[in-house]
Amino acid sequence: LDLEKSIKFYESLGMKLHQKRAHLLDEPFDTRMTAIMGYGENENDSSNLELIYLYNSHELDLGEKFRQVSIATKNVTAAVERMKEDGYDFFKEPGSLESVGGTEVAAIKDPDGYVVVLVKDEDFQKEVSEAGSSKEANTLAPATGD
């Protein structure tokens, strides 16, 4: 568990660090540091991801209810190449998932073990449209490599 490694990872995806602060609470088990990251110029310009480091916890239980973070990008391959230049390895190289209409994706784990899936934005919007949604889905924003 290393907040700085996680911040670098998401910066490699093109996110900006909007805010980082300590929360020093009366309960020692709840003292934490948070980092707010997103693609906008500030945290009000886009969806954000909040990273939380708990000072008094040395183990991370990913639980059973959380599956992944998906990030739309115009060019999955370019985003993967950029992250590889920064030293990150993907467990799912860019490719099409025929089970979901040929959507182009790639997958990697962040420093804490959470799965992050890069999804081609055009394919994602097509999936949403075909599912009968009348709105565009709320995605974080394009990853680096667009």
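Anything mentioned here points back to the structure above.
So, here is what we can say about the structure in this document. (Residues numbered from 1 in each chain as written. Predicted model: local features only at pLDDT ≥ 70, side-chain atom pairs only at ≥ 80, totals over all residues. Heavy atoms only, no water.)

1. Considerations on the pattern of salt bridges
In total, this model carries four salt bridges according to the counting rule given. Ionic pairing is found between K16 and E41, a salt bridge with its closest N-O pair at 2.6 Å. Remark: E41 occurs in the loop between β2 (32-38) and β3 (48-54) and K16 occurs in strand β1 (residues 16-23); sequence separation between them is 25 residues. Residue classification places E41 among the exposed positions, given a relative accessible area of 61%. One salt bridge in this structure joins D86 and R82, with 2.7 Å as the shortest N-O distance. For D86, a relative accessible area of 34% gives the class partly exposed. (Salt bridge = Lys/Arg side-chain N within 4 Å of Asp/Glu carboxyl O. Helix = DSSP H or I, 4+ residues; strand = E, 2+ residues; numbered from the N terminus. Buried < 20%, exposed > 50% of the residue type's maximum accessible area, 1.4 Å probe, protein only.)

2. Quick look at helix α1 (residues 3-12)
Taken together, the buried positions of α1 are L3, S6, I7, F9, Y10 and S12. Contacts from the buried residues of α1 go to β1, β2, β3, α2 (76-85), β6 (103-109) and β7 (115-120). Its side-chain oxygen 3.0 Å from the backbone nitrogen of E4, D2 forms the N-cap of α1. Phi for G14, located one or two positions after α1, is positive at around 95°. (Contact = heavy atoms within 4.5 Å. Polar contact = N/O pair within 3.5 Å; in protein donor to acceptor, adjacent residues only side chain to side chain.)

3. Regarding the packing of aromatic side chains
Following the criterion strictly, the structure yields two aromatic pairs and no others. When the centroid spacing of 4.8 Å and the interplanar angle of 85° are considered together, the rings of F9 and Y10 count as edge-to-face. Seen in terms of ring centroids, F9 and Y88 are 5.1 Å apart; in terms of plane orientation they differ by 90°. Their pairing is edge-to-face. Note that F9 is positioned in helix α1 and Y88 in the loop between α2 and β5 (92-97), a separation of 79 residues in sequence. For the pair formed by F9 and Y88, the shared burial category is buried. One aromatic cluster is present, built from ring pairs that chain together F9, Y10 and Y88. (Phe/Tyr/Trp six-rings, centres within 6.5 Å; stacked < 30°, edge-to-face > 60°.)

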